[in-house]
Amino acid sequence: MARTTTLLWSLAGLLFIALASVAAYKALPLLNPNIGDVAPLDASCDLRAGPCTSILSDGSRVSFAIKTEGIPLVKPLDLEVKLDGIEASKVEVDFIGLGMEMGFNRPQLKATDVGQYVGTGMLPVCIRAAMEWEARVLITTPKGLVAAPFRFITAKEGAVLPGSKE
């Protein structure tokens, strides 16, 4: 009886490991997509002031805006992407916390017009007074995945943003 129980638990453990391995293998491309072309990061971009534009190696343009004033945490953010010279089947914005893992946060935007995509995203709560983020616009094209990074800083209410004159 004890041998049968041990054998069954061993088989159940192996089955669990096999299922977890398959799930990890299937999820890996979702978490770390294979990106073909990446636009250079524009350090002078200030998403608080308005939309920013990146130019890809082929001359096509990606414009990104967070329309919600102040870019608050844990509140809906109105997002807008405009594409010029890019044929897209899907547009997503991957929010990445720089210096601190903030989890998977990748809202998909909807096409509203030719080359224009809008949607809503939300940044999670953060323990820091100010946090630097990268909004990586991911564009699925017939030629593969294209990315355009845009950086910005969030601050808790009452906190002073780094580099501000307050």
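Summary of the structure given here. (Residues numbered from 1 in each chain as written. Predicted model: local features only at pLDDT ≥ 70, side-chain atom pairs only at ≥ 80, totals over all residues. Heavy atoms only, no water.)

This paragraph deals with the overall build of the protein chain. Along the protein chain, the regular secondary structure elements total one helix and nine strands. Mapped from its N terminus to its C terminus, the protein chain presents α and β elements in the order α-β-β-β-β-β-β-β-β-β. Relative to its 166 residues, the protein chain shows a buried fraction of 33%. Total accessible area on the protein chain is roughly 10500 Å²; 59% of this is exposed by carbon and sulfur atoms. (Helix = DSSP H or I, 4+ residues; strand = E, 2+ residues; numbered from the N terminus. Buried < 20%, exposed > 50% of the residue type's maximum accessible area, 1.4 Å probe, protein only. Areas by Shrake-Rupley, 256 points an atom, 1.4 Å probe, with all protein chains shown as cover.)

With 32 residues, the main nonpolar core has Val-62, Phe-64, Val-81 and Val-137 as its most contacted residues. Elements with a minimum of two residues in this core: β3 (61-66), β4 (77-84), β5 (90-97), β8 (130-141) and β9 (144-155). The dominant element in this core, judged by the number of residues it contributes, is β8, at five residues. Setting aside its immediate chain neighbours within four residues, Val-62 contacts Cys-52, Thr-53, Ser-54, Leu-56, Val-81, Lys-82, Leu-83, Ile-86, Val-137, Ile-139, Ala-148 and Phe-150. (Core = buried A, V, L, I, M, F, W, Y, C linked by side-chain atoms within 4.5 Å. Contact = heavy atoms within 4.5 Å.)

What follows covers the pairing of β5. When you tally the buried positions in β5, you get six out of eight residues, the bulk of the element. Where β5 lies against β8, eight bridges are found, and the strand directions are antiparallel. Bridging across to β8, Glu-92 finds its partner in Leu-138. Across two bridges, the pairing between β5 and strand β6 (residues 108-113) is antiparallel. (Pairing = 2+ DSSP bridges.)

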